[in-house]
There are 12 protein chains.
Amino acid sequence: MSFEILILNGPNLNMLGLRQPEIYGAETLGEVADRCQTRADQLALEIDFRQSNSEGELVTWIQESRQNHDGIIINAGAYTHTSVAIMDALLVSELPVVEVHISNIHQRESFRHISYISNVAYGVVVGFGTFGYEMALESLAQKLTSP
Amino acid sequence: MSFEILILNGPNLNMLGLRQPEIYGAETLGEVADRCQTRADQLALEIDFRQSNSEGELVTWIQESRQNHDGIIINAGAYTHTSVAIMDALLVSELPVVEVHISNIHQRESFRHISYISNVAYGVVVGFGTFGYEMALESLAQKLTSP
Amino acid sequence: MSFEILILNGPNLNMLGLRQPEIYGAETLGEVADRCQTRADQLALEIDFRQSNSEGELVTWIQESRQNHDGIIINAGAYTHTSVAIMDALLVSELPVVEVHISNIHQRESFRHISYISNVAYGVVVGFGTFGYEMALESLAQKLTSP
Amino acid sequence: MSFEILILNGPNLNMLGLRQPEIYGAETLGEVADRCQTRADQLALEIDFRQSNSEGELVTWIQESRQNHDGIIINAGAYTHTSVAIMDALLVSELPVVEVHISNIHQRESFRHISYISNVAYGVVVGFGTFGYEMALESLAQKLTSP
Amino acid sequence: MSFEILILNGPNLNMLGLRQPEIYGAETLGEVADRCQTRADQLALEIDFRQSNSEGELVTWIQESRQNHDGIIINAGAYTHTSVAIMDALLVSELPVVEVHISNIHQRESFRHISYISNVAYGVVVGFGTFGYEMALESLAQKLTSP
Amino acid sequence: MSFEILILNGPNLNMLGLRQPEIYGAETLGEVADRCQTRADQLALEIDFRQSNSEGELVTWIQESRQNHDGIIINAGAYTHTSVAIMDALLVSELPVVEVHISNIHQRESFRHISYISNVAYGVVVGFGTFGYEMALESLAQKLTSP
Amino acid sequence: MSFEILILNGPNLNMLGLRQPEIYGAETLGEVADRCQTRADQLALEIDFRQSNSEGELVTWIQESRQNHDGIIINAGAYTHTSVAIMDALLVSELPVVEVHISNIHQRESFRHISYISNVAYGVVVGFGTFGYEMALESLAQKLTSP
Amino acid sequence: MSFEILILNGPNLNMLGLRQPEIYGAETLGEVADRCQTRADQLALEIDFRQSNSEGELVTWIQESRQNHDGIIINAGAYTHTSVAIMDALLVSELPVVEVHISNIHQRESFRHISYISNVAYGVVVGFGTFGYEMALESLAQKLTSP
Amino acid sequence: MSFEILILNGPNLNMLGLRQPEIYGAETLGEVADRCQTRADQLALEIDFRQSNSEGELVTWIQESRQNHDGIIINAGAYTHTSVAIMDALLVSELPVVEVHISNIHQRESFRHISYISNVAYGVVVGFGTFGYEMALESLAQKLTSP
Amino acid sequence: MSFEILILNGPNLNMLGLRQPEIYGAETLGEVADRCQTRADQLALEIDFRQSNSEGELVTWIQESRQNHDGIIINAGAYTHTSVAIMDALLVSELPVVEVHISNIHQRESFRHISYISNVAYGVVVGFGTFGYEMALESLAQKLTSP
Amino acid sequence: MSFEILILNGPNLNMLGLRQPEIYGAETLGEVADRCQTRADQLALEIDFRQSNSEGELVTWIQESRQNHDGIIINAGAYTHTSVAIMDALLVSELPVVEVHISNIHQRESFRHISYISNVAYGVVVGFGTFGYEMALESLAQKLTSP
Amino acid sequence: MSFEILILNGPNLNMLGLRQPEIYGAETLGEVADRCQTRADQLALEIDFRQSNSEGELVTWIQESRQNHDGIIINAGAYTHTSVAIMDALLVSELPVVEVHISNIHQRESFRHISYISNVAYGVVVGFGTFGYEMALESLAQKLTSP
């Protein structure tokens, strides 16, 4: 039996590689998905990699994960700082959640220092670039397979 | 002639009964709709009971109520605390509005103590569980039928 | 066997009907008591309807309700925003408490947005005029008689 | 026909002359009453000079002034900074109100810089010692007799 | 060669003319579009005039403008004050942005004084009614055609 | 010659033993009075042990202590956090004052972290349960009898 | 020997009677000067009545009063809330200072609630209209002639 | 008949072109005056273009505009953020006021985000460089000539 | 069997008697140790009395007390207000902790009103001079020997 | 050639396994060191694993790492929230820094939400238990070996 | 060739020696000018020593220094804490600026702890009495003559 | 007889010349010591120049200076902003204290704007680079030798 991880990306992450490359790097979101797939294969995990600009769609996907997935990795982008609805949906999912940020949000504007997601994620990975997704996968693999 | 009330439910309320039952109880949103229908029948009101995870969809429904409904009951869930857009839409509707919260938001995290909806609702019902919907209906019935 | 509800009114509510009728309406407190009695009769509840301008007297009445009553409806008026003593007394009573406000306090001065009572009441009814007392009675009736 | 002014003194003002004479002076409250009587006689006003340590009693006296008096001078002492109930009672009275403080509260602890009374008084006299009562009387005389 | 300007309108602006006409005036959004078209013709600009109640849809439209437009005029309505996602999308677009508000937001509720859009727009036009759209067009025309 | 200590208890302390025993313990206020009497006898002090729910009554008792007592121990309960009037009365008394709290108020709600009494008491005893009254007595005994 | 009082008026007070008559009344500053002269004659005081829109000029006049006057009445207008320089000049003068405001500044915008002048004036008269100048004169007369 | 607009420039705007050209551009204030004159001619407006480093002089000029002008355009420079006196003078003028800032003050130090002028201007133009003066003129032309 | 109490003194307490004697008294820390020894003998306790200027050393001593002592009395001096590390060490010790301050910290600079130690101590003794150490010992004796 | 990583642990981390195991787990710091050694071997890194309760010693070790190490992993414990000195030392080191916290500090007391270290670390790993050290090692291995 | 330093003194510094000598000392401003001249002679600097009570005049002098001077020493007095205009003028001057305060402003009222000047001065000298002017001269001499 | 000055340097100042040379310059701390020695020789002062990364060690050195030195110059580095213990030690020393900062801390991160040392130093020298040590020495020389 295998575990399936929902990897969610919030608004503007579909523009990765285009947006402020000095902050976010030149990799595209498709390349991140590939990178995650490779690492997931190594860890014997399945992944379901998605992106949406819509807060409501993200909420719905998280609700559905309650039935369909075993863990969530979420980079909620700008919604990290403004969405109580996504935080509540993560609670509803009752799944282990890892929060990822590509850049170090603590070194940017002060409104990016606050995360509603951090209230419900068990772990947070900040500032490691797109490698942070792999670190999150590794943690979930360890968590889901430990007794 | 009969009055029709739009009853709106915001994000994650479709998960009622699943989400944190120690806070929200075990009743599902379908059961709440039934409960509202029964009470509305007693009060000779018609109801239009909906739920959405999308802030924009809620805004649109409220705008349309200006033509189609006589009052609004809204439990905006997490959007209560973050959505100026829904508050503005309620102003546009020019309908009497009752705000409902199932749990007592004043006893939860401090970011749940602030409600944009309360700025435009004429009345607020907090903490009575799903019975609060019935209280809201009773108030609207009284308000719409009083001279 | 019947349940008896203590209905408490704080400072200046004895002046109801005189004070700022554009905010509080023209009904007097005596008329509110009558309205409560009528509704209580329908609900098979007994009521004990009182008013005091004294914080200490309100505290004492609440303490005594521990022995003599089954639930409390309180419109603490201005003490809502300043009295930790009344909040503490309500905790001592160990009774179910409903908080009522005639006007929508969230649309008035900012110091009226804070309620110590909301920390200990199970439910809060705000802005429905004097009809809010009836809504509170109905909730208590439901709560006390449900298994 | 003559106007009657209710002159109210809050908690600890009965100790005037004893309490911190470097701040409040050596005059007793009885001497202040005499001083007010003399000035009122000159101005053809009647006065009703009272003191209470009880917030509730002050509220009640102010409510009753609605029927019995033509203006209020109030030195609410410590309740200036904490009593919304007295502020509300002054609104109920619908009388012209002058607020008096013997010491300059703006040069003392920061919690004495806030006055609920100032929200409802038409004029405020601060820091003139007990002579401030006479200034307040003179203003009321002018206000009540001007067309 | 001609420049094309994306003119974006946020939530509730489709209700223009209906909503609080004492604040926003009686003109409808269709009339604003016509007014913009007329002015654009004078300035030899093309325009793409849109409205959405959905934050996610606005984000997507802005992302796409990176390929299809030469400048953005945005009246983000209520999302002005709450949407980091729209601000981030405007950064992604790498286009010159003008922010427009019909009413003077500085004279309204304090939560309307904060604009995330102002962090990324080069210019802001506030309070000129719907004429502000024309002012924004004129500025973009000047900016895009100056060497 | 013997010293007499006024021991004052504020609102809801008459309910000691009933109220939240997990915080305040099971001892009643009568038992605390007995405990104080025993310790006072050992220390050759006389005590005058009282309780009131009324802020005004507490103010008046403190004022009178100026003539009748040699020191004050005060557990002002909820009035600790809200009463400037009691603080002022303690200043008027010109007696040495010890503040006592049964529970550790620094580990409870943030509004209980502020004490007006601490501004005028020479010493504060917090969190030792009802034994704190004995500690306060011992300190006063030492202070009053030291040269 | 007679005392001379410097009566200073800050920015925009030269427009009295024109500016917002619903707040400041219809009297002109010349009429206020006349009113002050009349009252000063009754009190056997001399007055020196001036107005300036310039903070620097007001500072200089206050500095000079150290040599030439016996007391200061100041209505600093908008500089009340922003000028540390005038506050410092009043300290330099070493004269008794009365602060006057025509309107009740505590009932206006929050930035008008703060007064640097109140830190150095011995007394403050707020909200009595232009009659406040007379009250200030009366206080200075009493203060300068009392032993 | 023609309308005359008072165009006011506050402190340091006489140094335009010298001061921080990366923020304010290389144009001098004289060139801005010429630019305004040209645009005013097109719009059939007369202009009165002035600059002062003195808050008091600006206040006086604004007061005088009440008699002599039909509208005001003001770039108050640093006084924007600190001068209640100028705000009050603009109220006294009872003229339509447009506020202009050359740079986008929302992207600079936080103390430049606050504008007293915005409380009384009907419109605000921010960040369009010196072209903003022309936009303001155009708006006033439209406003003064519309019925 | 006997209980041993670790009595810890933080930075600058070794200078007791020299430092600001008007605040801390003339007694030296050696004399305080003697006073504690005497009282401990009476209470049949053993004490281990230490002082350090080093936060790290205090942390280490507290960690070691977990093995070697039965209770802690701590006057952390300036570290009271700044050291989360000492607070955490006290948690690690799992011993009953009493916090002592010689002066009444609530009447000094505002940064001395905050104590990290109060979050973990069961009781706090403030303002009783060096006699506070004896009060703390008496409480620990009572606590350790009560069933 | 091999890279050597300095792994620093701040105050109370030597008590790991003893302190609040419900938060920090039952593993000891020695076991964490072993776990790090194993992972480092896999990654072909060398490690230098240390702990200190002394802020000054941590500062000195970090300064010395400038010469002796290639990267730093730091769990500064309580000093995370209070030590500017450690933050400055990390800047001096000019090495890549990863910040690790065993527990999710965002779900604990608010003073633990602030980290000075996050201002200078390139990445932050929060809440993954002691596995976070391994994640940090993996990131440094990737960073140091990537071109 | 010699360097000329503009030494500016703000409001009330002309009263030096008269104003609060316990804070500012007994020396007059003329004596400070002499002291500066003597030190400047030693350092081979020329000085231009001025004082004004007018913010606008100070702004103008600073603007002119751009052409005429090589450095600025400024004690802006009360304008230190309120004048953005002076700060902006110092930026315009593009000269090296030293800020001087005679008293230690950090030990006075909290509104004196904020300095706009410190944002643009390269160095700040606080609390050394009038000797601070000499220290500032010495620094400028060193700065202007170092390569 | 000669005066001896203790010159203290806090954490990371031993790295001077290495750390962020764009802020602190290229001079090493040894060179600063030499520079101080040279200037001290000119002023006929002796100096005792030290550095420590340990807060506790700095506290101890300051305590000892009470016996051994005549004045203190302190650049407490990062402890400036966090150490109440050092502030208290400086009070214990009862010596004249000058605070020095090499960089202009008012132009850096906001947490560097607060200095506990400024509460007890008589003078503060900020932003003059290492020349500030010489300025501090000159001031102490003047202070210690003036009658």
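It should be emphasised that the depicted structure is a prediction, and the values quoted were computed from it without experimental measurement.

Now for the overall build of chain A. Across its full length, chain A carries five helices and five strands. If you list the helices and strands of chain A from N to C, you get β-α-α-β-α-β-α-β-β-α. Here chain A has a C-alpha radius of gyration of 14 Å; the compact-globule value for 147 residues is 15 Å, and the two agree. Within chain A, counting contacts between residues at least 6 apart in sequence, those at least 24 apart form 76% of the total. Put simply, chain A shows about 4900 Å² of open surface, and 48% of that area lies on carbon and sulfur atoms. Between the centroid of the 8 positive side chains of chain A and the centroid of its 18 negative side chains there is a distance of 5 Å.

Turning our eyes to something else, we now look at the sheet that holds strand β2 (residues 45-51) of chain E. With mixed pairing, 10 strands are arranged side by side in an open sheet as β2(E)-β1(E)-β3(E)-β4(E)-β5(E)-β5(H)-β4(H)-β3(H)-β1(H)-β2(H). Each edge of the open sheet carries a strand with a single partner, namely β2 of chain E together with β2 (45-51) of chain H. The average undirected angle you get between the axes of adjacent strands in this sheet is 15°. With three bridges connecting them, strand β5 (residues 123-126) of chain E and strand β5 (residues 123-126) of chain H associate as antiparallel partners. Bridge assignment links Val125(E) to a residue of β5(H), and that residue is Val125(H). Its contacts with the sheet place helix α5 (residues 131-145) of chain H against β5 of chain E together with β1 (3-9), β2, β3 (71-75), β4 (97-101) and β5 of chain H, and it is angled at close to 150° to β1(H).

All names here are of chain B. Viewed as axis vectors pointing N to C, helix α3 (residues 55-68) and helix α4 (residues 84-93) meet at an angle of 10°, and their least axial separation amounts to 8 Å. One element, α3, and the other, α4, form an angle in the roughly parallel class. On the side of α3, the interface is formed by Glu 55, Leu 58, Val 59, Ile 62, Ser 65 and Arg 66, while α4 contributes Ala 85, Ile 86, Ala 89, Leu 90, Val 92 and Ser 93. Within the contact of α3 with α4, the residues separate by chemical class into eight nonpolar, two polar and two charged.

Our next topic: the relation of the copies chain G and chain D. The two copies are related by a screw motion: chain G maps onto chain D through a turn of 180° and a shift of 0.0 Å along the axis, at an RMSD of 0.0 Å. What the superposition gives is, in effect, a two-fold axis relating one chain to the other. Across chain G, the rotation axis passes nearest the C-alpha of Val125(G), at a separation of 2.5 Å. Looking at the interface residues of chain G, 100% of them are also at the interface in chain D, so both copies use one shared face.

The next subject is the packing of aromatic side chains. Following the criterion strictly, the structure yields 36 aromatic pairs over all chains and no others. Relative to Phe128(C), the ring of Tyr122(B) has its centre 5.7 Å away and its plane inclined at 80°; by these criteria the two rings are edge-to-face. Pair noted here: Tyr122(B) is in the loop between β4 (97-101) and β5 (123-126) and Phe128(C) is in the loop between β5 (123-126) and α5 (131-145), and the two residues belong to different chains. Per residue, the accessibility class of Tyr122(B) equals that of Phe128(C), and both read buried. Against the face of Trp61(K) rests Arg50(K), its NZ or CZ located 5.0 Å from the ring centre.

This part takes up the relation of the copies chain J and chain A. In summary, the two copies of the chain are related to each other by a rotation about an axis coupled with a shift along it. The transformation that overlays chain J on chain A combines an axial shift of 0.0 Å with a rotation of 180°, and the residual RMSD is 0.0 Å. Take the interface residues of chain J: 100% of them recur as interface residues in chain A, which is what a same-surface contact looks like.

Bringing helix α5 (residues 131-145) of chain F into the picture now. All names here are of chain F. Taking 1.5 Å per residue as the helical rise, α5 with its 15 residues ought to reach 21 Å, and the 22 Å between its terminal C-alpha atoms agrees with that figure. Counting buried residues along α5, 12 of its 15 residues qualify, which places the element largely inside the surrounding structure. Buried within α5 are the following residues: Phe 131, Gly 132, Tyr 133, Glu 134, Met 135, Ala 136, Leu 137, Glu 138, Ser 139, Leu 140, Ala 141 and Leu 144.

Counting across every chain of the model gives 108 salt bridges over all chains. The shortest N-O distance in the salt bridge between Arg50(G) and Asp48(G) comes to 2.7 Å. Exposure remark for Asp48(G): the relative accessible area of 18% places this residue in the buried category. Arg112(H) is the partner of Glu109(H) in a salt bridge, and the nearest nitrogen-oxygen pair spans 2.9 Å. When its relative accessible area of 30% is taken as the criterion, Glu109(H) is described as partly exposed. Here the salt bridges do not stand alone but share partners, grouping Glu27(A), Arg35(A), Arg39(A), Glu134(A), Glu138(A), Glu27(J), Arg35(J), Arg39(J), Glu134(J) and Glu138(J) into one network.

To continue, consider the interface of chain G and chain D. Each partner contributes to the interface: chain G provides 22 residues, whereas chain D provides 22 residues. Interface area, chain G with chain D, both sides summed: about 1800 Å², of which 52% is carbon and sulfur. The interface formed by chain G and chain D contains two salt bridges. Put simply, Glu138(G) and Arg39(D) hold a salt bridge, and the shortest N to O gap is 3.0 Å.

A minimum C-alpha distance of 30 Å separates chain A and chain D, which share no contact. Kept free of each other, chain D and chain K leave a smallest C-alpha distance of 12 Å between them.

What follows is about the interface of chain J and chain A. Between chain J and chain A, the residue contacts involve 22 residues of the former and 22 residues of the latter. Taking both partners together, chain J and chain A bury about 1800 Å²; carbon and sulfur atoms supply 52% of that area. Here chain J is connected to chain A by two salt bridges. One can count 14 residue pairs in polar contact (both at pLDDT 80 or more) joining chain J with chain A. Within the residue set of the side of chain J that touches chain A, elements represented by two or more residues are α2 (29-43), β5 (123-126) and α5 (131-145) of chain J. It is α5(J) that provides the largest number of residues to the side of chain J that touches chain A, a total of five residues. Partitioning the side of chain J that touches chain A into residue classes produces 10 nonpolar, nine polar and three charged.

Attention now moves to the confidence of the model for chain A. Chain-level statistics for chain A give a pLDDT mean of 95 and a share of 99% at 70 or above. Reported for the predicted complex are a pTM of 0.96 and an ipTM of 0.94.

All names here are of chain B. β4 sits mainly inside the fold: five of its five residues count as buried. Neither face of β4 is exposed, since Val 97, Glu 99 and His 101 on one face and Val 98 and Val 100 on the opposite face are all buried. When strand β3 (residues 71-75) meets β4, the two strands line up parallel, connected through three bridges. Residue pairing for β4: Ile 74 is matched across the bridge by Glu 99. Read as a crossover between parallel neighbours, the route from β3 over α4 to β4 is right-handed. Here β4 runs beside β5; their pairing, made up of four bridges, is parallel. Its bridge partner lying in β5, His 101 is registered against Val 126.

Calculation criteria
Residues numbered from 1 in each chain as written. Chains lettered and ligands numbered in written order. Predicted model: local features only at pLDDT ≥ 70, side-chain atom pairs only at ≥ 80, totals over all residues. Heavy atoms only, no water. Helix = DSSP H or I, 4+ residues; strand = E, 2+ residues; numbered from the N terminus. Rg over C-alpha atoms; globule rule 2.2 N^0.38 Å. Contact = heavy atoms within 4.5 Å. Areas by Shrake-Rupley, 256 points an atom, 1.4 Å probe, with all protein chains shown as cover. Lys, Arg positive; Asp, Glu negative; His and termini not counted. Charge placed at Lys NZ, Arg CZ, Asp CG, Glu CD. Pairing = 2+ DSSP bridges. Axes fitted to C-alpha atoms, helices over the stretch in contact; angles between N-to-C directions. Parallel < 35°, antiparallel > 145°, perpendicular 65-115°, else oblique. Nonpolar A, V, L, I, M, F, W, Y, C, P; charged D, E, K, R; others polar. Least-squares fit on C-alpha atoms with pLDDT ≥ 70 in both. Phe/Tyr/Trp six-rings, centres within 6.5 Å; stacked < 30°, edge-to-face > 60°. Buried < 20%, exposed > 50% of the residue type's maximum accessible area, 1.4 Å probe, protein only. Lys NZ or Arg CZ within 6 Å of the ring centre and 35° of its normal. Expected span 1.5 Å × (residues − 1). Salt bridge = Lys/Arg side-chain N within 4 Å of Asp/Glu carboxyl O. Buried area = accessible area lost by both parts, 1.4 Å probe. Polar contact = N/O pair within 3.5 Å; in protein donor to acceptor, adjacent residues only side chain to side chain. pLDDT = per-residue confidence, 0-100. Right-handed = clockwise from strand over helix to strand, strands pointing away.

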